[in-house]
Amino acid sequence: MEESGKRRLTVAGTVAAGIVYFLVCAFPLQKELVLVPGWTRSLAQSPAAAAPKKVNAAGPTVSASASSPPIPFRLGGRFGYFTADGTILFTGAAPYGVALAPDAYATYERLSEGFAIQSPDGATLARVASVGYPFFAAGRRFVIAPDQATVSELSRSGAIAWTYEFGSVATCFDASPSMAVFGLMDGRIVGIGASGKVLLDFAPGGSHIPGVYGVAVSPDGLLVAAITGLDRQRLVVMEKRSSAYRVGYHRYLASDYRRPVYMGFTADGGKLAYESPSGVGVFDRTSRDETAISVPADSRLGLTTLDGRLLVLLSGSGEEKRLVCAALPDRRVVDLVLKAELAFVETRGDSIFLGADQDIVRMDLAER
Amino acid sequence: MNCGRLTVAAAVFVLLGASAAALDWPLSPPRVAATFGTYAKGRVVAGIALSSEDGIVRSAEDGELSFSLEDGANASGLPTPLGSYIVIEHQKGVAAIYSHLAPGTRSTALKIRAGDILGKSGSSGWIEGPGLVFQVFDRRAGSWVNPLLLLPQLAVDKPPVIRSLALSRADKVYVLGETASFPQGTYKVAVEVSVPADAAWTQGPPAPYGIRLSVDGDEAAYLVFDVARGEGGRLMLFSSAPVAADELRTKEGRYSLTERLFTRGRTAIEVRVEDAAGDKRSASWTVLVE
């Protein structure tokens, strides 16, 4: 009887301690990140490309409101603009290729000897008589010559601001407002400032065969990352210290890519994401830790970030694509398989815009 | 001959090794449409453009694939004017680029034997084709090398052609042959020459291998299309004095050779041109400098 009383006392004490613990040490449960469906728009009913309306060399003319700037998209040979509120500004077909930016686009022929730079509403901003293919990034406009070894930057009026001949074939590219970075077949990484001055010219060694398979520059231009070489392949991260770039981090990779790979910094520049055989490798700029998100896919179509919190990855080939939104390290918020031959993904703030063949879908990130 | 020129000559010699032909033709039988140094759309071609009946592209030597890209599939968003292309690492630090392949035909095999099929010549990217642009890069020297130095010699029955020689200063141009005299002074000397090509889509007259200028028996300039290298953001050709590729041609389409002072008296000017097969042609003028 005495034993049973002791046991009862112990149980009561434990329950009481538990109640005290929950009252005193209460900690709110973490909210779940979920994607809330927004709108769906069909490109089949969207307006066709507007004819050029006017010449305006001063700058872009955009019909969308400032609060909802145009978002460019490309689905195979088709391209266009839409806004976050679901307005399809137009869609068009590129004769061979198209350079796309939020404020301008330029379509070009295979044997391009010139092109017009147009605003999303179809107004002609500039005409460029330059042989080669245009490409736009980070608010800057470039042309690559037929030799794939010569690059020029265009001014806003379409004039050649500078030209640089690498002496080797350019294999990959990324840009920030302050520096355009090119990876070359000969293993060099060349960074060129907005004035045409060379800010970086470096050839990482350490591999049997030199070559650059991917480059990325942080939005502030202070970090440059590259995947270089064969036998063995390396990840190299360079940091700008005083006025020069120096290798701040490097690691041999398990990969053996012989084609350009996806890599890029997040919009806040805090993380570098890069394609790896097991999915996506993530390098943290502050801690210098590396993590990986495993995504079984044989090709990568798009890599972006959602408000700095999630990595958004669109992968797959053929008719099956996969959208993965993952919080680091590798906690999947969304893992969605979709049937689509052509697809794209874009993010703005807390919203994901997913294009699949004839449709564009908006989804918003929310906490519940 | 300066130090850079010696280095380049040594590099080419090493690449050649003991054999005169280090590589095999990637197309067979090859038709040469553009030679190393051909001026096309404002740029010098740092390779050769070829075509053939069947268009089957074969590896010029044993090697390892180091780069392979389908037209328009660059993950970084960089356009690819070379279209579908592959890069093979051959021996002795030689990398060869086989570009403008027909879509979907490029090989993805990693280990390559000489003669292996790499794809089909096509018209992907910026080429008037269909054809193949074949480029050789010497990784050790960081230079483009004229592939014709490394390939078996072609039987060429048409020697190079010297079309004209012109002296110019300010806006005055004297074309020798049309004029027998000109005032003394410093002139830019330029010559119009070409070697025959047998493909219709050549963008410009194919370049010869070498152009030698002599004045009164002394060598005044030697422009040779053997190697080219990027220096300070410009592609340089290594002639008797390094020359920027984009300054190589005058607006009239002549090759700029040198700038030289001509003093009063009778002067003998000779131009000798050779192609990669060793065929030579020369022309001479005797003029009166007033």
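Going along each chain's sequence as written, the residues are numbered from 1 onward. Working convention: letters from A go to chains and numbers from 1 go to ligands, in the order in which they are written. Where totals are concerned, whole chains, interfaces and linings use all residues; where local detail is concerned, this predicted model gives features only for residues with pLDDT of at least 70, and gives and counts side-chain atom pairs only at 80 or more.

Enquirer: Any details on the nonpolar core? Residues and values, ideally.
Expert: General note: in soluble globular proteins, nonpolar side chains tend to be found buried as a group. Formed by 177 residues in total, the largest nonpolar core has its most connected members in A170, V181 and V224 of chain A together with Y98 of chain B. It is strand β8 (residues 94–101) of chain B that contributes the most residues to this core, six residues altogether. A set of buried Ala, Val, Leu, Ile, Met, Phe, Trp, Tyr and Cys residues, joined to one another through C-beta atoms within 7 Å, is what we call a nonpolar core. Between the buried cut of 20 or more and the exposed cut of 12 or fewer other C-beta atoms within 10 Å of a residue's own C-beta lies the partly exposed class, and all C-beta atoms are placed from the backbone. Only runs of H or I of at least four residues qualify as helices and only runs of E of at least two qualify as strands under DSSP, and these elements are numbered from the N terminus.

Enquirer: Report on the interface of chain A and chain B, specifying residues and quantitative values.
Expert: This entry defines residue contacts through backbone-placed C-beta atoms, with two residues in contact when those atoms are within 7 Å. Facing the 40 residues of chain A at the interface are 32 residues of chain B. Elements with a contribution of two residues or more to the side of chain A that touches chain B: β9 (133–137), β12 (160–165), β13 (170–175) and β17 (209–217) of chain A. When residues are sorted by character, Ala, Val, Leu, Ile, Met, Phe, Trp, Tyr, Cys and Pro go into the nonpolar class, Asp, Glu, Lys and Arg into the charged class, and all the rest, Gly among them, into the polar class. Classifying every residue of the side of chain A that touches chain B gives 23 nonpolar, nine polar and eight charged.

Enquirer: Talk me through the domain arrangement of chain B; I want residue IDs and the actual numbers.
Expert: Residue and element names in this part refer to chain B. Domain start and stop points were drawn from an automatic or database domain assignment. Domain annotation for chain B reports domain 1 (3–149) and domain 2 (161–289). The straight-line distance from the C-alpha centre of domain 1 to that of domain 2 is 28 Å. Contact with domain 1, which involves 28 residues of that partner, is made by 23 residues of domain 2. Of all the secondary structure elements, the ones that give two or more residues to the side of domain 1 that touches domain 2 are α1 (3–16), β1 (31–34), β2 (39–40) and β12 (143–145). Of the residues belonging to the side of domain 1 that touches domain 2, the class tally is 14 nonpolar, ten polar and four charged.

Enquirer: Give me the sheet that holds strand β4 (residues 88–93) of chain A: which residues, what numbers.
Expert: Residues and elements named next belong to chain A. A pair of strands is considered paired only if DSSP assigns at least 2 bridges between the two. The strand order across the open sheet formed by three strands is β2-β3-β4, and the pairing between neighbours is antiparallel. Two strands in the sheet have a free side with no partner beyond their single neighbour: β2 (71–75) and β4. For this sheet, the mean angle separating the axes of adjacent strands, direction not counted, is 15°. Here, axes are lines fitted to C-alpha atoms. For helices the fit covers the stretch in contact, and angles between N-to-C directions go from 0 to 180 degrees.

Enquirer: A description of the confidence of the model for chain A should follow, citing residues and the corresponding values.
Expert: Residues with a pLDDT of 70 or more make up 87% of chain A, whose mean pLDDT is 86. Low pLDDT, under 50, characterises residues 50–66 of chain A; the predicted model gives this stretch 40 contacts beyond four residues in sequence or across chains. Values of pLDDT, the confidence the predictor places in each residue, fall between 0 and 100.

Enquirer: Mind laying out the environment of V175 of chain B, listing which residues take part and the relevant values?
Expert: All names here are of chain B. Following the sequence through the fold, V175 ends up in strand β14 (residues 172–175). Judged by local crowding, V175 falls into the partly exposed class, with 15 C-beta atoms found within 10 Å. V175 sits 15 residues away from A190 along the chain, and the two C-alpha atoms are 9.5 Å apart. Discounting chain neighbours no more than four positions away, the residues touching V175 are S164 and A166.

Enquirer: How would you sum up unusual backbone geometry? Please name residues and give values.
Expert: The omega torsion across D231 of chain A and R232 of chain A is 0°, close enough to zero to call that bond cis. Here R232 of chain A lies in the loop between β18 (223–230) and β19 (234–241). In the segment running from S28 of chain B into P29 of chain B, the intervening peptide bond is cis, with an omega of -15°. Examined against the element boundaries, P29 of chain B turns out to sit in the loop between α1 and β1. Of note, Q148 of chain A is a non-glycine position whose phi angle comes to about 60°, a positive value. For R288 of chain A, which is not glycine, the phi dihedral falls at a positive 65°. As for its position among the elements, R288 of chain A is in the loop between β23 (279–284) and β24 (290–294). When the 10 C-beta atoms within 10 Å are taken as the criterion, R288 of chain A is described as exposed.

Enquirer: Just give me the short version of the pairing of strand β3 (residues 78–82) of chain A, but keep the residues and values in it.
Expert: Two faces, one strand: in a regular strand the side chains alternate between the faces of the sheet. Residues and elements named next belong to chain A. With respect to burial, β3 is a largely interior element, four of its five residues being buried. Hairpin connection between β2 and β3: a loop of two residues separates the two successive antiparallel strands, and G76 in this loop has a positive phi of roughly 65°. Relative to β4, β3 runs antiparallel, the two being bridged by five bridges. When the sheet's bridge partners are listed, G80 is paired in β4 with T91. A loop of five residues connects β3 with β4, the two strands running antiparallel in sequence, and G86 in this loop sits at a positive phi of about 100°.

Enquirer: Explain the sheet that holds strand β17 (residues 210–215) of chain B to me, and be specific about the residues and the numbers.
Expert: All names here are of chain B. The mixed open sheet is built from five strands, whose spatial order is β15-β24-β23-β17-β18. The strands lining the two open edges of the sheet, one partner per strand, are β15 (181–182) and β18 (218–224). Across six bridges, the pairing between β17 and strand β23 (residues 265–274) is antiparallel. Note that in β23 the partner of I211 across the bridge is V273.

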